[in-house]
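Fold and geometry: a report
Listed here are the chains, written in short residue letters.
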Amino acid sequence: MARMAGRRVLFAVPVLGVVTFGVFAVAAASPFDPVKAYAGTAGLTASQENLDQLRANLGVDQPLVARWWDWLTSALQGDFGDSSVMRQPVADVIAERMGWSVLLAATAFLVAILLGTGLGVLAARAPGGWLDRCVSSAAYTLEAAPAFWLGLLAIWFFALKLDVLPAGGLTDAGSDVVTFGQVASHLVLPAAVLGVSQLPWFFLYVRQGVADALAEDPVRGARARGLSERTVLLGHALRSGMLPMLTLIGSRVPELITGALLVETVFSWPGIAAATVEAATSVDFSLLAALTVLATAAVLLGNLLSDLLYGLADPRVAFDG
């Protein structure tokens, strides 16, 4: 296990370096001018000399490779630079927003896994039955539904029509105190929407895996020995059928990140979505690079986690083979 994790870490180093360089290259080719975005309306009347001085202060007058190398060497020392659009250190921007994004993504992922697994097991017990047909049809429909559309639909139904849940934000309007109850109630809709958008894949994987496991000889033998259907289903078929689903965890991380950005925007959730959008439109090199590194690291960690879970669940898998 340690050897495999070590190899993945060594592989991640050049990957992160290439990704950060790609961010600076794409930002340099962007038609947006970071100086004008930073200056705002004042840039319309500023002299060229002042704009050139501002360009030098922001460091965007340097060549692409020089800008990337300066940022990379500083980042390795723990200094991610200052965000030109947020007017504060990049580390502070991330620290203020990352916790809320992690809370939303983790809650949604838990909802998707638990609900997808439960429905998958129930559908696999009676393939072709009414429950299987209904849930499978809904899963295929949800696969094609964009997360932002589900969010708008949820706001219209639960917040506007039924008025049972808040439409967005982190706290109630006019409240300047963040309480657990307010956060919990405001988390329900965005977490449910993001979780439902990820649910179809977990449901389909578990359904197929458990259905295949129920047809295998060890499960048939367990039934022949007189074990209860509950024991056969949960103790034998579910464990074997969950193995393919474990590999899905890592592959869903990129989609989860993308979905979280859309859901945060729709529900005005105070995560990193707004910072990401503003950094992209304002060509904020430092903030863009840091956020991209975090997203890439999350994908790599997700893939490592899925491999570790698969190896722990299936003793036949050799970590260091």
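Quick note: structure is the one above.
Predicted model, so just to flag it, every value in this text is computed and none were measured. (Residues numbered from 1 in each chain as written. Predicted model: local features only at pLDDT ≥ 70, side-chain atom pairs only at ≥ 80, totals over all residues. Heavy atoms only, no water.)

1. A look at the packing of aromatic side chains
Evaluated as defined, the whole model comprises six aromatic pairs. Here the aromatic rings of Phe 21 and Trp 68 are separated by 5.2 Å at their centres, their planes lie at 85 degrees, and the arrangement is edge-to-face. Placement of Phe 21 in helix α1 (residues 2–29) and of Trp 68 in helix α4 (residues 64–76) is noted, with a sequence separation of 47 residues between them. Where Phe 109 meets Phe 202, the ring centres are 5.6 Å apart and the plane angle is 80 degrees; that geometry is what we call edge-to-face. Highlighted residues: Phe 109 in helix α5 (residues 90–125) and Phe 202 in helix α8 (residues 180–214), separated in sequence by 93 residues. The class for Phe 202 is buried, based on a relative accessible area of 0%. Of the aromatic side chains, those joined through ring pairs into one cluster are Phe 21, Trp 68 and Trp 69. (Phe/Tyr/Trp six-rings, centres within 6.5 Å; stacked < 30°, edge-to-face > 60°. Helix = DSSP H or I, 4+ residues; strand = E, 2+ residues; numbered from the N terminus. Buried < 20%, exposed > 50% of the residue type's maximum accessible area, 1.4 Å probe, protein only.)

2. Thoughts on the packing of helix α7 (residues 147–161) against helix α11 (residues 253–267)
At their nearest, the axes of α7 and α11 sit 9 Å apart, and the two run at 30 degrees to each other. Accordingly, the angle class assigned to the pair α7 and α11 is roughly parallel. The way α7 lies across α11 gives a crossing that is right-handed. Packed against α7, whose contacting residues are Ala 147, Phe 148, Gly 151, Leu 152 and Ile 155, the element α11 presents Gly 259, Val 263, Val 266 and Phe 267 at the interface. A per-class count over the contact of α7 with α11 returns seven nonpolar, two polar and no charged. (Axes fitted to C-alpha atoms, helices over the stretch in contact; angles between N-to-C directions. Parallel < 35°, antiparallel > 145°, perpendicular 65-115°, else oblique. Left-handed = near helix turned anticlockwise from the far one by under 90°. Contact = heavy atoms within 4.5 Å. Nonpolar A, V, L, I, M, F, W, Y, C, P; charged D, E, K, R; others polar.)

3. A look at the pattern of salt bridges
Any two side chains of opposite charge can pair if their charged atoms end up close together. Applying the stated criterion to the full structure yields one salt bridge. Between Asp 132 and Arg 207 there is a salt bridge, and its shortest N-O distance comes to 2.6 Å. Of this pair, Asp 132 sits in helix α6 (residues 130–143) while Arg 207 sits in helix α8, placing them 75 residues apart in sequence. Residue classification places Asp 132 among the buried residues on the basis of a relative accessible area of 5%. (Salt bridge = Lys/Arg side-chain N within 4 Å of Asp/Glu carboxyl O.)

4. With respect to the side chain of Thr 117
Along the chain, Thr 117 turns up in helix α5. The exposure class of Thr 117 is buried, given its relative accessible area of 12%. Excluding anything up to four places from it in sequence, Thr 117 contacts Ala 112, Val 206, Leu 238, Met 242 and Met 245.

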